[in-house]
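Observations on the model geometry
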Amino acid sequence: MTERTFSIIKPDATRRNLTGAINAVIEGAGLRIVGQRRVKLTEAQAKKFYEVHAERPFYGELVSQMIAEPVVVQVLEGDNAVAKYREVMGATNPNDAAEGTIRKLFALSIGENSVHGSDSQENAKIEIEQFFTDADIVG
Ligand code: RTP
Ligand code: MG
């Protein structure tokens, strides 16, 4: 079923000029980039976005990494887009990520792991609405 997911190309990747290389992997996997914008997250935006991890020991470091440099926020569309993008991203820890995945190819560490992808259709909808209006998504 065609669905949408939300993606962030994180600061460790934008800093190394990897936006195009990551987009090539995304498009190569059959996902269509139907919305895309480069933004500098505010601390408030990053805190809200990763609110579910507020009690985790890495939360402070995660928030500061996410606001250090611009990010690229994206809406991806395709068959089973949520699960497919999680597969394309690879495991959170790049040491555990499969060959050919974005995190295996580009991530620096478990924290600076180059991309975010929604973990459910419900969260995809919530996350897309935090960054995009309907007019900015062209399928
Ligand atoms: P994401 O939400 O960014 O797509 O990543 P994920 O589902 O694979 O991983 P999650 O457990 O949701 O963690 C969110 C992000 O927090 C950072 N993290 N650091 N230092 C650590 O042990 C640690 N664990 C997680 C990563 O940037 C991870 O993507
Ligand atoms: Mg997650």
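Residues numbered from 1 in each chain as written. Chains lettered and ligands numbered in written order. Predicted model: local features only at pLDDT ≥ 70, side-chain atom pairs only at ≥ 80, totals over all residues. Heavy atoms only, no water.

1. Examining helix H7 (residues 121–131)
Heads up, the condition is: Each residue is placed in one exposure class: buried if its accessible area under a 1.4 Å probe, protein chains only, is under 20% of its type's maximum, exposed if it is over 50%, and partly exposed if it falls in between. Numbered from the N terminus, helices here are DSSP runs of H or I no shorter than four residues, and strands are runs of E no shorter than two. What the arc covers is the set of directions going from the helix axis to the C-beta atoms.
Among the residues of H7, those classed as buried are Ala124, Glu127, Ile128 and Phe131. Within H7, the buried residues cover an arc of 105 degrees as seen down the axis, which keeps them to one side. For H7, the exposed residues set more than 90 degrees away from the buried face come down to Glu122, Lys125 and Glu129.

2. Observations regarding the site of ligand 1
Put simply, the rule is: Near, as used in this document, describes a residue that has one of its heavy atoms within 4 Å of the molecule or strand being considered. Residues adjacent in sequence count toward polar contacts only when both atoms are side-chain atoms; beyond that, a polar contact is any pair of N or O atoms within 3.5 Å, and within protein one must be able to donate a hydrogen and the other to accept it. Accessible surface area values rest on a Shrake-Rupley calculation with a 1.4 Å probe, where residue burial reflects the displayed protein chains alone. Residues are grouped as follows: Ala, Val, Leu, Ile, Met, Phe, Trp, Tyr, Cys and Pro are nonpolar; Asp, Glu, Lys and Arg are charged; all remaining types, including Gly, are polar.
Of all residues adjacent to ligand 1, which total 14 residues, the nearest are Tyr50, Thr92, Gly111, Asn113 and His116. Here histidine 53 contributes a side-chain N or O atom positioned 2.9 Å from an oxygen atom of ligand 1. The protein chains hide 81% of the 560 Å² of surface that ligand 1 would expose on its own. For the shell around ligand 1, the secondary-structure elements that each account for two or more residues are helix H5 (81–89) and strand E4 (115–117). Taken together, the residues that form the shell around ligand 1 break down as 5 nonpolar, 6 polar and 3 charged.

3. Some thoughts on the UniProt feature "domain: Nucleoside diphosphate kinase-like" (unreviewed entry) in the protein
Put simply, the rule is: UniProt positions are given in the numbering used here, feature names are shortened, and annotations may be inferred rather than shown by experiment.
The UniProt entry lists residues 2–139 under the feature "domain: Nucleoside diphosphate kinase-like" (unreviewed entry), expressed in the numbering used here. Secondary structure across residues 2–139 comprises 40% helix and 20% strand; the distance between its end C-alpha atoms is 11 Å.

4. A few points about the packing of aromatic side chains
Definition in use: Pairing of aromatic rings covers Phe, Tyr and Trp, the last through its six-membered ring, and needs centres within 6.5 Å; plane angles under 30 degrees mean stacked, over 60 mean edge-to-face, and all others mean tilted. Think of it as a cone above the ring: NZ of Lys or CZ of Arg counts as a charge over the ring if it is within 6 Å of the ring centre and within 35 degrees of the ring normal.
Scanning the model with the defined rule gives 4 aromatic pairs in all. Relative to phenylalanine 131, the ring of phenylalanine 6 lies with its centre 5.3 Å away and its plane at 10 degrees, an arrangement referred to as stacked. Of this pair, phenylalanine 6 sits in strand E1 (residues 2–9) while phenylalanine 131 sits in helix H7; the two residues are 125 residues apart in sequence, bridging distant segments of the chain. For phenylalanine 6, a relative accessible area of 0% corresponds to the buried category. Measuring from ring centre to ring centre gives 5.0 Å for phenylalanine 49 and tyrosine 50, while their planes differ by 85 degrees; the resulting arrangement is edge-to-face. In terms of burial, phenylalanine 49 and tyrosine 50 fall into one category: buried. Each member of the aromatic cluster is reached from another via a ring pair, and the members are Phe6, Phe49, Tyr50 and Phe131. Lying over the aromatic face of phenylalanine 132, arginine 37 brings its terminal NZ or CZ to 5.5 Å of the ring centre.

5. Here we look at the nonpolar core
Grouped burial of nonpolar side chains is what soluble globular proteins tend to show. Note the threshold: Among the buried residues, those of types Ala, Val, Leu, Ile, Met, Phe, Trp, Tyr and Cys that are joined through side-chain atoms within 4.5 Å form a nonpolar core. When checking whether two residues touch, look at their non-hydrogen atoms; a contact exists if any pair is within 4.5 Å.
Of all hydrophobic cores here, the largest spans 19 residues; its most connected members are Phe6, Met66, Val73 and Phe132. Among the secondary structure elements, those contributing two or more residues to this core are E1, strand E2 (32–39), helix H3 (43–49), helix H4 (59–66), strand E3 (71–79) and H7. Setting aside residues no more than four positions away along its own chain, valine 73 makes contact with Phe6, Ser7, Ile8, Gly35, Gln36, Arg37, Val39, Phe131 and Phe132. Ala13, Leu76, Tyr85 and Val88 belong to the second-largest nonpolar core, a separate cluster that totals 16 residues.

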